[in-house]
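Listed below are the residues making up each chain.
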Amino acid sequence: MFFVDTLESEGLGNRSYLAGGSDAAVVIDPPRDIDRVIAAAARRGVRIAFVAETHVHNDYVTGGLELARVTGAAYLVPAGARVSFPRTSVADGDTVAVDEGLGLRAIATPGHTPHHTSYALTEDGRGVAAFTGGSLLIGTVGRPDLVEPRLTERLARAQHASAHRLAHELDDEVPVLPTHGFGSFCSSSQTEGDATTIGKERETNDALTLDADTFVARTLAGLDDVPAYYAHMGPANAAGPAPVDLTPPRRADAEEITSRLAAGEWVVDLRSRTAFAERHVAGSFNFEGEGKLATYLAWLIPWGKPVTLLADTPAQVADAQRELARVGIDRPAAAATGDPAAWVREGEELASFPRARFADLADVRERGGDVVVLDVRRDSERADGHIDGSVHIPIHELHDRIGEVPPGTVWVHCAGGMRAAIAASLLDATGRDVVAVDDGFDAAIEAGLALTHPGDTD
């Protein structure tokens, strides 16, 4: 008998896997915080014999090298990957024995990267699970544009061929277990559902239902923005990431918070957007710990800028520290928790700004109010319809383009409220009057706000 355990990294939209038998196991695409993996193996009572990477990752820092060092496992890395550390190179068709009757077979599946390799878990020679990394995902494939622009079309064609190879070599009932695709920007399009099989993908996945030319054209047309921090992930993984340090950061008092803000460092408030809007340290930024913290903070922050974390509890700081380490933001400069009143010096006031709904925006506009409506959604979202007269600056560009926001009170919105809260905090930190629209975009239509759609003219 075999098992497969899934380890979620929800904030990044990724999964890692622990698979094995009664005595030994393999870990596929482990996260940076390897203590979770070791604990999962301990619960199973198995030894980690192998650590396997499907590719050199572009969206997070791997824990593979450190996990292999700590456990003594063999570190399997695709032969074509250019890395600077000792590893066991695996090529197409290579097989290792994980446990009695249980094997792992490498299947070359270029597309997400040129060297991408999937792995078939076999029991008595029969495929029982497919770890597809960034190749075949749920209803889509991994994006082909993260390596080199000149290779994008070629890699898109390779994705099509790789998906067909997996479908040809594996039985319909074999579970497909990808690393990406659960909200990850490594996915070429959004996925639906959290489980699939080769047979289901054969019926529904564009890579398996469309001819190569149509698939490539559709894939390239649907590619979205690439988070800026991706540029740092591949090199870090190729060089060999250092062990992660998750010990608590030093405690910051009000004086230190003030001095760090004055030095141009980032002070990040992890509390809910509701709590932040009501009371916050002037100049701090709001990235909710319960949202896609790592993705958006790492996307927006100037790389290497020191970060101080503010939160309700030490547990929230610890959770954020763990998530940020997964994308290479290793050590917060400091942290503070508890009552926000303690985060400002005596005699200083906490800042605030209002929150509203789209119905409130409609009322203000109907009364002739002169307001700036700022849409911080991505280009692909705005193309589906936007509020007439709104200014568009995607959230990941706003920090560098705040000077382009017209004068006046800024009503900022996104699709649901989280990114609007980030944007509102960025604007508030510069002294702008801001209202954060905390509402689903469908409510804009219900409120009677006029929308422009593709093909319309503003």
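Here's a quick rundown of the structure.

About the thresholds
- Each chain carries its own residue numbering, running from 1 in the written order of its sequence.
- In keeping with the model being predicted, local features are shown solely for residues with a pLDDT of at least 70 and side-chain atom pairs are shown and tallied solely at 80 or more, while totals for entire chains, interfaces and linings include all residues.
- Computation of side-chain values: all heavy atoms of the structure, hydrogens and water removed.
- Here the term cavity refers to a set of points on a 1 Å grid, laid over the protein atoms alone, in which a 1.4 Å probe fits but cannot get out; the term pocket refers to an open set having protein on both sides within 12 Å along at least five of seven lines, with lining residues being those that place an atom within 4 Å of a point.
- Grid points are joined across faces, edges and corners, and a volume is the space filled by probe spheres set on the points.
- Segments assigned H or I by DSSP are reported as helices when at least four residues long, segments assigned E as strands when at least two residues long, and all are numbered from the N terminus.
- Charged means Asp, Glu, Lys or Arg here, nonpolar means Ala, Val, Leu, Ile, Met, Phe, Trp, Tyr, Cys or Pro, and polar covers whatever is left, Gly included.
- Residues count as neighbours in contact if any of their non-hydrogen atoms are within 4.5 Å of one another.
- Note on definitions: angles span 0 to 180 degrees between N-to-C directions of axes, and those axes are lines fitted to C-alpha atoms, for helices only across the stretch in contact.
- Angular relationships are summarised with four words: roughly parallel below 35 degrees, roughly antiparallel beyond 145, roughly perpendicular across 65 to 115, and oblique for the angles in between.
- By definition, turning the near helix anticlockwise from the far helix through less than a right angle yields a left-handed crossing, and turning it clockwise yields a right-handed one.
- Under the scheme applied here, a residue whose accessible area is under 20% of the maximum for its type counts as buried, over 50% as exposed, and between as partly exposed, the area being computed with a 1.4 Å probe on protein chains only.
- A pair of strands counts as paired when DSSP detects no fewer than two bridges linking them.

### A short note on the layout of surface pockets
One number sums up the size of the largest pocket: a volume of about 430 Å³. Taken together, the elements giving at least two residues each to the lining of the largest pocket come down to strand 1 (3-9) and helix 11 (314-325). With five residues, helix 11 is the single largest residue contributor to the lining of the largest pocket. When the residues that make up the lining of the largest pocket are grouped by side-chain class, the tally is three nonpolar, six polar and 11 charged. The calculated volume of the second largest pocket comes to roughly 310 Å³. Lining the second largest pocket are 20 residues, and of these Pro-249, Pro-314, Val-317, Ala-335 and Thr-337 sit closest to its centre. If you tally residues by element for the lining of the second largest pocket, the top one is helix 11, at six residues. Of the residues in the lining of the second largest pocket, the class split is 12 nonpolar, three polar and five charged.

### Considerations on the side chain of His-160
Looking at the secondary structure, you find His-160 in helix 3 (residues 152-169). When sequence neighbours within four positions are dropped, the list of residues in contact with His-160 reads Ala-207, Leu-210, Asp-211, Ala-212 and Phe-215.

### Section: the side chain of Thr-152
Assignment of secondary structure puts Thr-152 in helix 3. Each residue touching Thr-152, except ones within four places of it in the same chain, is listed here: Pro-144, Asp-145, Leu-220 and Leu-223.

### Looking at empty space enclosed by the protein
One pass over the full model with this rule turns up four cavities of 30 Å³ or more. Here the largest cavity defines a volume of roughly 60 Å³. As for the largest cavity, its lining consists of Glu-53, His-55, Val-56, His-57, Thr-62, Tyr-75, Val-77, Val-83, Phe-85 and Asn-237. The residue inventory of the lining of the largest cavity, partitioned by class, reads five nonpolar, four polar and one charged.

### Topic: the packing of helix 3 against helix 6 (residues 212-221)
Interaxial distance between helix 3 and helix 6 falls to 9 Å at its minimum, and their mutual angle equals 125°. Taken together, the axis directions place helix 3 and helix 6 in an arrangement best described as oblique. Where helix 3 crosses over helix 6, the handedness of that crossing is right-handed. Contacts between helix 3 and helix 6 involve Thr-152, Glu-153, Ala-156, Arg-157, Gln-159 and His-160 on the former and, on the latter, Ala-212, Asp-213, Phe-215, Val-216 and Leu-220. Partitioned by chemical class, the residues of the contact of helix 3 with helix 6 number five nonpolar, three polar and three charged.

### Here's the deal with the pairing of strand 3 (residues 24-28)
With respect to burial, strand 3 is a largely interior element, five of its five residues being buried. Note that strand 2 (residues 14-20) and strand 3 share four bridges and pair antiparallel. Looking across to strand 3, one finds that Gly-20 is bridged to Ala-25. Connecting strand 2 to the next strand, strand 3, in antiparallel fashion are three residues. Across five bridges, strand 3 lies against strand 4 (residues 47-52) in parallel orientation.

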